[in-house]
Amino acid sequence: MLDRQSMGPALYRDAMSRYAGHVQLVTTALGSERRGVTITAACSVSDNPATVLICLNNSNVKNEIFFKSGVFALNALGAHHQGLADAFSGKTGLSNDERFASGTFETLVTGAPVLADALAAFDCRVIEIKEASTHNIIFGEVMAVRFSEIKPALIYMNRDYHTL
């Protein structure tokens, strides 16, 4: 067992790699500008009012749009979305327009891009942002939901994709 003083970022990331997370795509729009990021750091906060949270790296200047737009969509990805997850994670080197062209996106209530065939999509209005070290935690009130037929979920664990 390690004490807190010996805990470093690399050791922490190694331990967290064993923590399974549902792969999700978080998207937003501000005017004609859109942004999407593949994440696993998201969860439900409450069902009354319906609220979710997402965690985004605050050192990536491209994520500023999430902090300014006031809206986001949390899209739960299925096994069939692995290529989309790679595209929005930056692994493929696609431009932002090419990333969005690799899926079908619509809007519901807020104007945030919603993945049409997401296992579940939560269209949210930002209600609070908290800075926590290297990340910002963005709380969103769910204004609309959409879900598709039940299909296997895309999970990330041990630095690789899995399905459930």
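Before reading on, note that the structure itself is shown above.
Visitor: So what about the pairing of strand S10 (residues 135–147)? Which residues, and what values?
Guide: Pairing of strand S5 (residues 50–57) with S10 involves seven bridges; the strand directions are antiparallel. Residue pairing across strands places Val52 opposite Gly140, the latter belonging to S10. As defined by bridge partners, strand S9 (residues 120–132) adjoins S10 across twelve bridges and the pair is classed as antiparallel. Paired with Arg125 across the two strands is Glu141, which belongs to S10.

Visitor: Got a sec to walk through unusual backbone geometry? Specific residues and values, please.
Guide: Cis geometry is adopted by the peptide bond preceding Pro49, which originates at Asn48 and carries an omega value of 0°. Along the polypeptide, Pro49 turns up in the loop between strand S4 (42–47) and S5. One non-glycine residue, Ser133, lies in positive phi territory at about 60°. Within the secondary structure, Ser133 sits in the loop between S9 and S10. A residue is classified by how much of its surface remains accessible, and Ser133, at 66% relative accessible area, is exposed.

Visitor: An account of a nonpolar patch on the surface is requested, with residue identities and associated values reported.
Guide: Taken together, the side chains of Met7, Leu11, Tyr12, Met16 and Tyr19 make up a nonpolar region of the molecular surface, amounting to roughly 520 Å² of accessible area. Turning to its location among the elements, Met7 is positioned in the segment before helix H1 (9–16). The class for Met7 is partly exposed, based on a relative accessible area of 41%.

Visitor: Before we move on, could you go through the sheet that holds strand S3 (residues 33–39) and cite the residues and values that matter?
Guide: Sheet architecture is open: seven strands sit in the order S3-S2-S6-S9-S10-S5-S4, paired in antiparallel fashion. Looking at which strands have only one partner, the edges of the open sheet turn out to be S3 and S4. For this sheet the average axis-to-axis angle between neighbouring strands, irrespective of direction, equals 30°. Of the strand pairs in this sheet, strand S6 (residues 71–76) and S9 are connected by six bridges, and their pairing is antiparallel. When the bridges of S9 are listed, Ala76 appears paired with Ala120. Across the sheet, helix H3 (residues 82–89) touches strand S2 (24–30) and S3, and the angle it forms with S3 is around 115°.

Visitor: Account for the sheet that holds strand S12 (residues 160–163), with residues named and values stated.
Guide: Taken together, three strands build an open sheet; the order of strands is S1-S11-S12 and the sheet is antiparallel. Each having just a single partner strand, strand S1 (21–22) and S12 make up the two edges of the open sheet. Two strands pair when backbone bridges link them, and S1 and strand S11 (residues 154–157) are joined in this way by two bridges, in the antiparallel orientation. Directly across from His22, in S11, lies its bridge partner Ile155.

Visitor: Run through the side chain of Asn136, naming residues and quoting values.
Guide: By the secondary structure assignment, Asn136 is in strand S10. Among the residues examined, Asn136 registers a relative accessible area of 8% and is labelled buried.

What counts as what
- The written sequence of each chain sets the order in which its residues are numbered from 1.
- Two thresholds apply to this predicted model, a pLDDT of at least 70 for residue-level local features and 80 or more for giving and counting side-chain atom pairs, whereas whole-chain, interface and lining totals are computed over all residues.
- The side-chain values count all of the structure's non-hydrogen atoms but skip hydrogen atoms and water molecules.
- Following DSSP output, two strands are said to pair if at least two bridges run between them.
- In this text, helices come from DSSP runs of H or I with a minimum length of four residues, and strands from runs of E with a minimum of two, each type numbered from the N-terminal end.
- Whether a residue is buried, partly exposed or exposed follows from its accessible area with a 1.4 Å probe, protein chains only, as a fraction of its type maximum: under 20%, in between, or over 50%, in that order.
- Nonpolar side chains (Val, Leu, Ile, Met, Phe, Trp, Tyr) within 5 Å and like charges within 9 Å form the patches, drawn only from residues with over 30% relative accessible area and no salt bridge.
- Only the protein chains shown count as cover for residues, and all accessible areas are computed by the Shrake-Rupley method using a 1.4 Å probe.
- Any Lys or Arg side-chain nitrogen found within 4 Å of a carboxyl oxygen on Asp or Glu counts as a salt bridge.
- The angle between two axes is taken between their N-to-C directions and runs from 0 to 180 degrees, where each axis is a line fitted to C-alpha atoms and a helix contributes only its stretch in contact.
- It only takes one pair of heavy atoms within 4.5 Å for two residues to be counted as in contact.

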